[in-house]
Amino acid sequence: MDGAPRPASGASQGASNPAGAEERLAGAGTAGQPALRMAGIAKSYPMGGKKLEVLTGVDLEVGRGTLLAILGASGSGKSTLLHIAGGLDRPDAGRVWVGGQELTALGAEAMARFRAARLGFVFQFHHLLPEFTALENVMMPGRLARQGEARVRERAAEVLWLVGLGERLEHRPSQLSGGEQQRVAVARAIVNRPELLLADEPSGNLDRDNAARLHELLVRLAAEQGQTVVVATHNDRLASLASGVLVLDGGKVRPAVTEEMENR
Ligand code: ADP
Ligand code: MG
């Protein structure tokens, strides 16, 4: 667990960088800041006149270029936490920073712009557009950002090669395996070089071998591209490959203990 992301408070940096990760990242002006910081996050849902307390005080920091795995039983609040980390949902209390930017200080429009420009999401289901090819799906974020068409195409192809799908550019989602679809979803999520990639049980629908490939990809993105990744998972193997592992339990995060992480 040395240098791993961990529950944090105050100013301590929760994770160290692999050598050179900082240099590979474009995000100038925010160097030295953790990629993600959450402080005092609370979230509840109204349920039949009562409050369902899902998060009751989450503090964490994730260093740049590291991969944090978040474990936790179904219903423990992993998705809620990732949604709040990515500005898809707001906490009842607490603050979130991505790089130097406080997400919780942004209004709805600025938040949406920030999400599109600086965050990447991968979900359990790929959400690819069925009528478009792999290449066109991965070009979408660049097109939405109104980058030049030639540059968008070139970058999308580059990232598809990076995820091992350079020979599948013209395939539609229905012509790809489940594992390949998820790798296209990862390519789409990272094509604009997001500061933070959030993945919510991305291998949940995959068989063992495809899950393993996807996990290796996420680990490689952190190690080789300096991509910060936070992934909610049930998968022990992915947790064993992560820079750090936190368990969401009783509305808070804690470091994984040995019996949860036998393979580490
Ligand atoms: P996990 O991803 O760990 O399975 P979730 O974050 O999806 O957990 O959900 C945590 C708890 O909050 C669950 O008990 C779930 O039923 C509840 N919950 C999630 N979203 C809502 C919502 N929009 N309204 C009410 N309850 C919700
Ligand atoms: Mg979930």
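Reading the values: rules and limits
- Every chain is numbered on its own, with residues counted from 1 as its sequence reads.
- Chains carry letters and ligands carry numbers; both start at the beginning, A for chains and 1 for ligands, and go up in the order they are written.
- Where totals are concerned, whole chains, interfaces and linings use all residues; where local detail is concerned, this predicted model gives features only for residues with pLDDT of at least 70, and gives and counts side-chain atom pairs only at 80 or more.
- In DSSP terms, a helix is any run of H or I states spanning at least four residues, a strand is any run of E spanning at least two, and both are numbered starting from the N terminus.
- Each residue is classified by how many other C-beta atoms fall within 10 Å of its C-beta atom, where C-beta atoms are placed from the backbone; a count of 20 or more means buried, 12 or fewer means exposed, and values in between mean partly exposed.
- Once C-beta atoms have been placed from the backbone, residue pairs whose C-beta atoms lie within 7 Å are recorded as contacts.
- Using a C-beta atom placed from the backbone, a residue is described as near a molecule or strand when that atom lies within 6 Å of it.
- For two strands to pair, DSSP has to find at least two bridges joining them.
- Here the axes come from fitting lines to C-alpha atoms, over the contacting stretch only for helices, and the angles between their N-to-C directions go from 0 to 180 degrees.
- By our criterion, buried Ala, Val, Leu, Ile, Met, Phe, Trp, Tyr and Cys residues that link up through C-beta atoms within 7 Å make up a nonpolar core.
- Reported orientations rely on four angle classes, namely roughly parallel under 35 degrees, roughly antiparallel over 145, roughly perpendicular from 65 to 115, and oblique for the rest.
- Working rule for handedness: look at the near helix, and if it is turned counterclockwise from the far one by less than a right angle, call the crossing left-handed; if clockwise, right-handed.
- Charged means Asp, Glu, Lys or Arg here, nonpolar means Ala, Val, Leu, Ile, Met, Phe, Trp, Tyr, Cys or Pro, and polar covers whatever is left, Gly included.

**Side note on the overall build of the protein chain**
Then, in step 1: When its secondary structure is counted, the protein chain shows eight helices and 11 strands.
Then, in step 2: Looking at the 264 residues of the protein chain, the share that counts as buried comes to 45%.
Then, in step 3: Long-range contacts, defined here as pairs at least 24 residues apart, represent 71% of the contacts in the protein chain between residues at least 6 apart.

**Remarks on the site of ligand 1**
Then, in step 1: The environment of ligand 1 is formed by Tyr-45, Leu-52, Val-54, Gly-72, Ser-74, Gly-75, Ser-76, Gly-77, Lys-78, Ser-79 and Thr-80.
Then, in step 2: The set of elements that each furnish at least two residues to the shell around ligand 1 consists of β3 (50-62) and α2 (78-85).
Then, in step 3: Considering every element that reaches the shell around ligand 1, the biggest residue donor is α2, with three residues.

**Describing unusual backbone geometry**
Then, in step 1: Of note in this structure, His-127 is not a glycine but carries a positive phi near 55 degrees.
Then, in step 2: Phi at Arg-193 is positive, roughly 55 degrees, even though this residue is not glycine.
Then, in step 3: Within the secondary structure, Arg-193 is located in the loop between α6 (178-190) and β8 (196-200).
Then, in step 4: Taking the C-beta count within 10 Å as the criterion, Arg-193 has 17 such neighbours and is therefore assigned partly exposed.

**With respect to the sheet that holds strand β11 (residues 252-255)**
Then, in step 1: Across the sheet, six strands lie side by side as β7-β8-β9-β4-β10-β11; this open sheet has mixed pairing. The sheet terminates laterally at β7 (119-122) and β11, the two strands that pair on one side only. Averaged over all neighbouring strand pairs, the angle between strand axes comes to 20 degrees, with direction disregarded.
Then, in step 2: As judged from the four bridges shared by strand β4 (residues 67-71) and strand β10 (residues 244-249), these two strands associate in the parallel manner. Residue pairing for β10: Leu-71 is matched across the bridge by Val-247.
Then, in step 3: Packing against the sheet, α2 makes contact with β4, β8, β9 (229-232) and β10, and its axis sits at approximately 155 degrees to β9.
Then, in step 4: Helix α7 (residues 208-225) contacts β4, β8 and β9 of the sheet and is inclined by roughly 160 degrees relative to β9.

**Notes on α2**
Then, in step 1: Counting buried positions along α2 gives seven out of eight residues, so the element sits mostly inside the fold.
Then, in step 2: Among the residues of α2, those classed as buried are Lys-78, Ser-79, Thr-80, Leu-81, Leu-82, Ile-84 and Ala-85.
Then, in step 3: Note on α2: the residue one or two positions beyond its end, Gly-87, has a positive phi of about 70 degrees.

**Let's talk about the nonpolar core**
Then, in step 1: Counting residues in each nonpolar core, the largest one holds 66 residues, and the members touching the most others are Ala-69, Ile-70, Val-138, Ala-187, Val-230 and Val-231.
Then, in step 2: Apart from the residues within four sequence positions on either side, Val-231 is in contact with Leu-67, Ala-69, Ile-70, Ala-199, Pro-202, Leu-218 and Leu-238.

**Brief notes about the environment of Met-140**
Then, in step 1: As for its position among the elements, Met-140 is in helix α4 (residues 134-144).
Then, in step 2: Linking Met-140 and Arg-188, residues 48 residues apart in sequence, is a C-alpha distance of 7.6 Å.

**Focus on α4**
Then, in step 1: Among the residues making up α4, those that are buried are Ala-134, Leu-135, Asn-137, Val-138, Met-139, Pro-141 and Gly-142.
Then, in step 2: Contacts made by the buried residues of α4 are with α5 (149-162) and α6.
Then, in step 3: Where α4 terminates, the next one or two residues include Arg-146, which has phi positive at roughly 55 degrees.

**Remarks on the pairing of β3**
Then, in step 1: Across 10 bridges, strand β2 (residues 36-47) lies against β3 in antiparallel orientation. Residue pairing across strands places Arg-37 opposite Glu-61, the latter belonging to β3.
Then, in step 2: Counted along the chain from β2 to the antiparallel partner β3, the turn is two residues long, and its residue Gly-48 has a positive phi close to 50 degrees.

**Remarks on the environment of Gln-101**
Then, in step 1: Along the chain, the position of Gln-101 falls in strand β6 (residues 101-102).
Then, in step 2: Measuring from C-alpha to C-alpha, the distance between Gln-101 and Phe-114 comes to 9.3 Å, with 13 residues separating the pair along the chain.

**Overview of the packing of α6 against α7**
Then, in step 1: In the contact formed by α6 and α7, the axes pass within 9 Å of each other and the chain directions differ by 20 degrees. Judged on the interaxial angle alone, α7 and α6 are roughly parallel. You can see that α6 and α7 cross each other, and the crossing is right-handed. Facing Gly-178, Gly-179, Gln-182, Arg-183, Val-186 and Ile-190 of α6, the residues of α7 in contact are Asn-210, Arg-213, Leu-214, Leu-217 and Leu-221.
Then, in step 2: In terms of residue class, the contact of α6 with α7 is made up of five nonpolar, four polar and two charged.

**Concerning the pairing of β2**
Then, in step 1: Two strands pair when backbone bridges link them, and β2 and strand β5 (residues 93-98) are joined in this way by five bridges, in the antiparallel orientation. Looking across to β5, one finds that Ala-42 is bridged to Ala-93.

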